[in-house]
Amino acid sequence: RCEEEDVEMTEDAYAVLTRIGLETSLRYAIQLITAASLVARKRKGAEVGVEDIKRVYSLFLDESRSTQYMREYQEAFLFNELREYLGTP
């Protein structure tokens, strides 16, 4: 995917991205490539490094972290107020 998007990446960044792909999903890891490339460009870097991967990983949640976040903060979301209004659990 990096070749297709003309993204240069350090070996360490590849390793981190591979681990993320194994622990989450390949689709999520592939989506991080473009975002990490943009972060690297913003800092005027020649290639994507581990810090770029970490940055986008912290900004964009994978499915399991997103689900966990929703469970932890469900009381703060609007749909919770609707349930209270309707009297449903």
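It should be noted that the structure appears before, not after, this text.
Residues numbered from 1 in each chain as written. Predicted model: local features only at pLDDT ≥ 70, side-chain atom pairs only at ≥ 80, totals over all residues. Heavy atoms only, no water.

**Q** Could you give an account of the overall build of the chain, with specific residues and numbers?
**A** Broken down by element type, the chain carries five helices and zero strands. Listing the helices and strands of the chain from first to last along the sequence gives α-α-α-α-α. Of all 89 residues assigned to the chain, the portion counted as buried reaches 25%. Contacts in the chain between residues at least 24 apart in sequence constitute 55% of all its contacts with a sequence separation of at least 6. Total accessible area on the chain stands at roughly 7000 Å², and carbon and sulfur atoms take up 53% of it. (Helix = DSSP H or I, 4+ residues; strand = E, 2+ residues; numbered from the N terminus. Buried < 20%, exposed > 50% of the residue type's maximum accessible area, 1.4 Å probe, protein only. Contact = heavy atoms within 4.5 Å. Areas by Shrake-Rupley, 256 points an atom, 1.4 Å probe, with all protein chains shown as cover.)

**Q** Give me the side chain of aspartate 62: which residues, what numbers.
**A** Summarising the element assignment, aspartate 62 is placed in the loop between helix H3 (50-59) and helix H4 (63-72). There is a polar contact of 2.6 Å between the side chain of aspartate 62 and the side chain of arginine 65. In contact with aspartate 62, not counting residues within four places along its chain, are Thr24, Tyr28 and Tyr57. (Polar contact = N/O pair within 3.5 Å; in protein donor to acceptor, adjacent residues only side chain to side chain.)

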